[in-house]
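A closer look at the structure
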Amino acid sequence: MLKKISVISLFGIIFLCCNTKSDKLNSLDNDTDFKCRDLDDIKKDGKLRALIAYSSTSYFLYKGRPMGYEYELLERLAEHFNLELEITVSEDLDSLLSELNKGTIDIVAYGLAVTTERKKQVAFTDYLYLTNQVLVQRKPKNWRSLTLDKIKEQLILDPIQLINDTVSVRFNSSYFDRLQNLSKEIGGKIIIDTLKGKLATAEIIKMVADGDIKYTLADKNLAQINASFFPILDVSVPVSFSQRIAWAVHKNSTDLLAEINDWVKEEKKKNDYYVIYNKYFRNKRNFNRRVQSEFYSLTNNQISKYDDLIKENAKTLGWDWRLLASLVYQESQFDLEASSWTGAEGLMQLMPNTAAELGVENSLEPIDNINAGSKYLKSIYDNFEEVSDTIQRIKFTMGAYNSGYYHIKDARILAKLNKFDPDVWDGNVNEMLLALSYPQNYNHPSIDYGYVNGIEPYNYVNQIFERYEHYVNFIEE
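Residues numbered from 1 in each chain as written. Predicted model: local features only at pLDDT ≥ 70, side-chain atom pairs only at ≥ 80, totals over all residues. Heavy atoms only, no water.

A few words on the packing of helix α19 (residues 425-435) against helix α21 (residues 455-474). At a minimum axis distance of 8 Å, the contact between α19 and α21 shows a crossing angle of 150°. Accordingly, the angle class assigned to the pair α19 and α21 is roughly antiparallel. Listed contacts from α21 to Trp425, Asn430, Glu431, Leu433 and Leu434 of α19 are Ile455, Pro457, Tyr458 and Val461. A per-class count over the contact of α19 with α21 returns seven nonpolar, one polar and one charged. (Axes fitted to C-alpha atoms, helices over the stretch in contact; angles between N-to-C directions. Helix = DSSP H or I, 4+ residues; strand = E, 2+ residues; numbered from the N terminus. Parallel < 35°, antiparallel > 145°, perpendicular 65-115°, else oblique. Contact = heavy atoms within 4.5 Å. Nonpolar A, V, L, I, M, F, W, Y, C, P; charged D, E, K, R; others polar.)

This is how it looks when you write it as structure tokens:
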């Protein structure tokens, strides 16, 4: 089974009105309507439903490609289970565990600190990494002209200095818990300013850097990587011992938990596991490059420098421009000088003969390449008038753009011969493309154009639509 990813945005989260935090947590125990799934149920469904956060380390879009620590690990987990990955993006980080207990998802893939209170509500996987919490605070404005001793004079150096001061954190977070406990430990009140659950930790850290709030708490690895972009921040003061950071599943999903724990154990033996961690939490140069990029979804509503050109051509096609952008990325990853061994060139990888027929003199010229590629797509699309469903027709068009119209024609003939629907791509004609890789099929008397490496157009269409779902999630139309 080929791994697929679908992406959902989670709206309509129920806000639990309460007087105390314990009331909110206890409300999870009163939810009796959930349908908990264990591993057998998930495998029968073929989908692993994961809840994830949209943040600078968990899940985001950069230069047209979905990225993130949790996202990459989820991909590997789904591949391990041979399941389709269905990602739901949380709109409220305070509601992560309540969503899990409602049964709408199978796993919360977010960096959760393992706490005693949370363990009453959910089951935690083996820890992914260890970290501790630190205080995030601003250095004085003129810190660059001050000596280190002078800077320290204006900073909190010991948590006890927070007595009667205000620290801003999300309500239903381990940071809130830590501040409550810290107040007891130091024998003085720390005023807790509660922030909206939709704010990711990185956003709250930026609020400190911008001077919107005075202090916050963050996991050390998150604080340090964000402070590399905001040098005015000090993140050197620890406020907790080491904590285990893990994912969560429902307490009754015992088989799923056991399998995930086995997977985590094996992943930790691989170099890739640590490469992925370092990519998002230790590589400061790449982090800063992403944050400063025009094509970083957390700061700009752009996919590529060619968005305007793609939008113009998408109107002619009648497609969502983000779908055409996904196809362009599939062809060239927005590399203007991309070329293949077959001689295809440019953003939409035009073959020399096709480019000549379309009047393109220079395939490396973005305007000419995208205009011509889109014109070619339109001509293919027009050849599938009998396909009534628009999405299926687009998929036929993409398949033909990749492998050639006549191979798709053969696959439709083979579909009829095998009592599949020749007007439906998914589960019908795309399966026949795979079949045309075998002699008994491409040598059939009814097949005119012979062998095709069917896995290529099969994956091509799947990957474009998978990426498109990410684009829809991150980029406004």
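Back to the write-up after that little detour.
Turning our attention to a positive patch on the surface. A cluster of like positive charges, contributed by Lys63, Arg285, Arg289 and Lys305, occupies part of the molecular surface. Here Arg289 shows up in helix α12 (residues 284-292). (Patch = residues over 30% accessible without salt bridge, like charges linked within 9 Å, V, L, I, M, F, W, Y side chains within 5 Å. Areas by Shrake-Rupley, 256 points an atom, 1.4 Å probe, with all protein chains shown as cover. Salt bridge = Lys/Arg side-chain N within 4 Å of Asp/Glu carboxyl O. Lys, Arg positive; Asp, Glu negative; His and termini not counted. Charge placed at Lys NZ, Arg CZ, Asp CG, Glu CD.)

Moving on to the side chain of Lys139. For Lys139, the location among the structural elements is in the loop between β9 (133-138) and α6 (148-153). Lacking a salt bridge, the buried Lys139 has Asp234 as its closest oppositely charged neighbour, with an N-O distance of 5.7 Å. At 3.0 Å, the side chain of Lys139 forms a polar contact with the backbone oxygen of Pro231. In this structure, Lys139 is in contact with Ile151, Leu155, Pro231, Ile232, Leu233 and Asp234, ignoring residues within four places of it in sequence. (Buried < 20%, exposed > 50% of the residue type's maximum accessible area, 1.4 Å probe, protein only. Polar contact = N/O pair within 3.5 Å; in protein donor to acceptor, adjacent residues only side chain to side chain.)

Attention now goes to the pairing of strand β6 (residues 107-113). β6 sits mainly inside the fold: six of its seven residues count as buried. Note: strand β2 (residues 47-52) against β6, two bridges, orientation parallel. Residue pairing in the sheet places Ala50 in a bridge with Ile107 of β6. Bridge analysis of β6 against strand β14 (residues 243-249) gives four bridges, and the strand direction is antiparallel. Paired with Val108 across the bridge in β14 is Ala248. (Pairing = 2+ DSSP bridges.)

Within the secondary structure, Asn261 is located in helix α10 (residues 254-267). Residues contacting Asn261, with those up to four places away along its chain left out, are Thr125 and Asp126.

What follows is about the confidence of the model for the protein chain. Residues of the protein chain with pLDDT of at least 70 account for 93%, and the chain-wide mean is 91. Contacts from residues 9-33, a stretch scored under 50 in pLDDT, to residues over four places away or in other chains number 39 contacts. (pLDDT = per-residue confidence, 0-100.)

The tally for this structure, following the rule as stated, stands at 20 salt bridges. In this structure, the salt-bridge partner of Glu99 is Lys102, at a minimum N-O distance of 2.8 Å. Here Glu99 and its partner Lys102 are both found in helix α4 (residues 96-102), three residues apart, which amounts to about one turn of the helix. Judged by relative accessible area, Lys102 falls into the partly exposed class, the value being 29%. Linking Lys206 and Asp210 is a salt bridge whose minimum nitrogen-to-oxygen distance equals 2.7 Å. Bridged by salt links that share partners, the residues Arg37, Asp45, Arg49 and Asp106 form one connected network.

By size, the foremost hydrophobic cluster in this structure holds 113 residues, and its most contacted members are Tyr69, Trp247, Ile260, Ile310, Trp319 and Met398. With sequence-adjacent residues up to four places away left out, Tyr69 is seen in contact with Thr57, Ser58, Leu128, Tyr129, Tyr273, Ile276, Tyr277, Tyr280 and Phe281. Ranked by size, the runner-up nonpolar core spans 20 residues in total, among them Leu155, Ile204, Ala227 and Ile232. (Core = buried A, V, L, I, M, F, W, Y, C linked by side-chain atoms within 4.5 Å.)

Take a negative patch on the surface next. A grouping of Asp40, Asp41, Asp126, Asp255, Glu259 and Asp262 is seen on the molecular surface, where their side chains present a negatively charged patch. Listing elements by their share of the negative patch, those giving two or more residues are α2 (39-45) and α10. Examining the composition of the negative patch, we find that three residues originate from one element, α10, more than from any other. Topologically, Asp126 is positioned in the loop between β7 (123-124) and β8 (129-131). The exposure class assigned to Asp126 is partly exposed, which follows from its relative accessible area of 37%.

Below, the discussion takes up the packing of aromatic side chains. Working definition: an aromatic ring pair is given by the centre-to-centre distance plus the angle between the planes. In total, this model carries 24 aromatic pairs according to the counting rule given. Centroid distance Tyr442 to Tyr451: 5.5 Å. Interplanar angle 85°. Geometry classified as edge-to-face. A connected cluster of aromatic rings, assembled from ring pairs, spans Phe384, Phe396, Tyr405, Tyr406, Trp425 and Tyr449. For the cation-ring pair, Lys311 lies above Trp321, with the distance from its terminal atom to the ring centre recorded as 4.7 Å. Here Arg393 stacks its cationic end above the ring of Tyr381, 3.9 Å away from the centre of that ring. (Phe/Tyr/Trp six-rings, centres within 6.5 Å; stacked < 30°, edge-to-face > 60°. Lys NZ or Arg CZ within 6 Å of the ring centre and 35° of its normal.)

This part covers the sheet that holds β9. Strand order in the open sheet formed by three strands is β12-β9-β13, with antiparallel pairing between adjacent strands. Edge positions in the open sheet fall to β12 (215-219) and β13 (233-238), since each of these has one partner strand only. Across this sheet, the average inter-strand angle for adjacent strands is 35°, counted without regard to direction. Lying on the sheet, helix α7 (residues 174-186) is in contact with β9 and β12; it crosses β12 at an angle near 115°.

As a packed pair, helix α13 (residues 307-317) and helix α16 (residues 366-382) sit with axes 10 Å apart at the nearest point and diverge in direction by 20°. By the angle class used here, α13 and α16 are roughly parallel. In the crossing of α13 with α16, the sense of the turn from one axis to the other is right-handed. Packed against α13, whose contacting residues are Leu309, Ile310, Asn313, Thr316 and Leu317, the element α16 presents Pro366, Ile367, Ile370, Asn371, Ser374, Leu377 and Lys378 at the interface. Class assignment of the residues belonging to the contact of α13 with α16 gives a composition of seven nonpolar, four polar and one charged. (Left-handed = near helix turned anticlockwise from the far one by under 90°.)

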